[in-house]
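These are the residues of each chain, in order.
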Amino acid sequence: MSTLWAFPGQGAQQPGMLQALPDAPVVQACIEQASAALGEDVRLLDSAEALQDTRAVQLCLLIAGVAAARLLGERGHRPDYVAGLSIGAYAAAVVADALDFADAVRLVALRGELMQRAYPHGYGMTAILGLDQARIEGLLADAEGPVYLANINAETQLVIAGSDAAMARLAEHARALGAGAAKRLAMSVPSHCELLAAPARELAAAFAQVELRAPRVRYLSGSSARLIRDPETLRDDLAMNMSRVVDWQATLTTAYERGVRLHLELPPGGVLTGLARRVFEPGQAIAFTGARLDTLDAMLRQEVSRDR
């Protein structure tokens with residue numbers, strides 16, 4: 001049996017998320033490395049005020065995920081698979097040793113700037129609960145204004161992206177069809193749709209200057225739900241994922257079908273853990289945040305001993 005380390009995307013951010021990480025030398029070294037790569041103190045990026053900025057959010061998510069993974073690595077643990085939802089894919093690529101951390105920090109800073117610059121206001125994302133993909137796509141086909149399917153998180157938990165006005169109208173129609181909720185997310189950009197095609201191409205140009213290697217840990221794409229082994233395919237997956245639909249439901253299913261039986265969500269938060277519990281048995285989907293390190297040690301070692 002195998003383990004999947006999953007890295008969350010934007011929306012999982014929490015004020016103080018870097019300060020909440022365990023006080024360990026390897027964690028502090030990760031924060032200092034990120035600060036050196038940017039030429040600024042990244043510890044100033046996780047305040048409630050700073051996290052209003054897309055760049056700060058994405059950098060904090062990257063740093064928190066990589067720092068926690070390195071701490072676990074220092075304690076003798078290594079994933080069998082990695083996957084990341086949206087920006088989480090960058091942390092997954094670093095942990096798979098396919099992308100240098102300093103390069104990831106600089107690329108993520110640019111990614112956040114490009115996304116924020118493209119849509120500074122009036123756009124975002126909305127989660128719709130209780131309707132399946134076919135019904136959402138039917139509403140999208142009749143929608144007025146720019147609005148698109150963005151995330152397939154679970155069978156009846158989908159996310160749309162677009163203008164505030166178009167999303168509000170579609171949310172109203174979704175409620176009329178029986179949706180349990182339609183919630184505007186803490187996102188100021190319309191991610192994972194064609195509205196971000198131009199910023200994605202600009203990011204791809206920057207990626208062309210960066211070295212990528214074949215992943216040393218099996219890397220599952222959160223967009224295609226497929227295993228990626230080739231560096232150039234990975235380059236495309238990372239650069240363009242801001243403009244592609246996230247199919248997290250299929251990613252989890254693929255992991256399970258490949259023998260993964262323990263899903264560990266790296267910080268911050270536990271949203272991915274809740275989604276994973278729809279696929280994995282109880283107790284097989286856990287979150288780093290809120291768990292004791294000795295408890296994580298025991299669970300991860302148990303999976304290794306089962307494999308043997």
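Residues numbered from 1 in each chain as written. Predicted model: local features only at pLDDT ≥ 70, side-chain atom pairs only at ≥ 80, totals over all residues. Heavy atoms only, no water.

Trainee: Where do I start with the overall build of the protein in this structure?
Mentor: Counting its secondary structure elements, the protein contains 11 helices and 11 strands. Taking 19 Å as the expected radius of gyration for a compact globule of 308 residues, we find that the protein reaches 18 Å, a close match to that expectation. Each principal axis of the C-alpha atoms in the protein carries an extent, and together these give about 55 × 45 × 35 Å. For the protein, the proportion of its 308 residues judged to be buried stands at 56%. Taking as baseline every contact in the protein between residues at least 6 positions apart, the subset at least 24 positions apart corresponds to 75%. In the form shown here, the protein has an accessible surface area of approximately 12700 Å², with 49% of it arising from carbon and sulfur atoms. (Helix = DSSP H or I, 4+ residues; strand = E, 2+ residues; numbered from the N terminus. Rg over C-alpha atoms; globule rule 2.2 N^0.38 Å. Buried < 20%, exposed > 50% of the residue type's maximum accessible area, 1.4 Å probe, protein only. Contact = heavy atoms within 4.5 Å. Areas by Shrake-Rupley, 256 points an atom, 1.4 Å probe, with all protein chains shown as cover.)

Trainee: Help me understand the packing of aromatic side chains in this model?
Mentor: Centre distance and the angle of the planes are the two values used to describe a pair of aromatic rings. For the structure on display, the rule yields 3 aromatic pairs. Residues tyrosine 90 and phenylalanine 207 carry aromatic rings whose centres are separated by 6.0 Å and whose planes lie at 50 degrees to one another, so their mutual orientation is tilted. Placement of tyrosine 90 in helix H3 (residues 88-95) and of phenylalanine 207 in helix H7 (residues 197-207) is noted, with a sequence separation of 117 residues between them. Each member of the pair, tyrosine 90 together with phenylalanine 207, is buried. Relative to tyrosine 123, the ring of tyrosine 119 lies with its centre 4.6 Å away and its plane at 55 degrees, an arrangement referred to as tilted. Above the plane of the ring of tyrosine 81 lies arginine 218, whose end atom (NZ or CZ) is 4.5 Å from the centre. The ring centre of tyrosine 256 lies 3.7 Å from the NZ or CZ of arginine 261, which sits over that ring. (Phe/Tyr/Trp six-rings, centres within 6.5 Å; stacked < 30°, edge-to-face > 60°. Lys NZ or Arg CZ within 6 Å of the ring centre and 35° of its normal.)

Trainee: How should I be thinking about the sheet that holds strand S1 (residues 2-7) in this particular structure?
Mentor: Adjacent strands of a sheet pair through backbone hydrogen bonds, lying either parallel or antiparallel. The 6 strands are arranged S8-S7-S2-S1-S10-S11 in an open sheet whose pairing can be described as mixed. Each edge of the open sheet carries a strand with a single partner, namely strand S8 (227-228) and strand S11 (285-287). In terms of strand pairing, S1 meets strand S2 (residues 81-84) through 4 bridges, oriented parallel. Residue pairing across strands places alanine 6 opposite alanine 83, the latter belonging to S2. This element, helix H9 (residues 248-257), spans S1, S2, strand S7 (218-220) and strand S10 (260-265) of the sheet and lies at about 135 degrees to S10. (Pairing = 2+ DSSP bridges. Axes fitted to C-alpha atoms, helices over the stretch in contact; angles between N-to-C directions.)

Trainee: Help me understand the nonpolar core, please; the structure alone is not making it clear to me.
Mentor: Nonpolar side chains tend toward joint burial in soluble globular proteins. Within the largest apolar cluster, 83 residues are counted, with the highest numbers of intra-cluster contacts made by Tyr90, Leu99 and Leu238. With 14 residues, the top contributor of residues to this core is helix H2 (residues 54-74). The contact partners of leucine 99, leaving out residues within four places of it in the chain, are Tyr90, Ala93, Val94, Ala104, Leu107, Val210, Glu211, Leu212, Arg213 and Leu238. Formed by 18 residues, the second largest nonpolar core is a distinct cluster that contains Leu220, Leu252, Val260 and Ala285. (Core = buried A, V, L, I, M, F, W, Y, C linked by side-chain atoms within 4.5 Å.)

Trainee: I'm lost on the packing of H2 against H3 in this one. Help?
Mentor: Helix packing for two helices is described by the angle between their axes and how far apart those axes are. In contact at an axis separation of 8 Å, H2 and H3 are set at 30 degrees when each is read in the N-to-C sense. As far as their axial angle goes, H3 and H2 are roughly parallel. Crossing angle aside, the handedness with which H2 passes H3 is right-handed. On H3, the residues that touch Leu62, Val66, Ala69 and Arg70 of H2 are Tyr90, Ala91, Val94 and Val95. Among the residues forming the contact of H2 with H3, the class breakdown is 7 nonpolar, no polar and 1 charged. (Parallel < 35°, antiparallel > 145°, perpendicular 65-115°, else oblique. Left-handed = near helix turned anticlockwise from the far one by under 90°. Nonpolar A, V, L, I, M, F, W, Y, C, P; charged D, E, K, R; others polar.)

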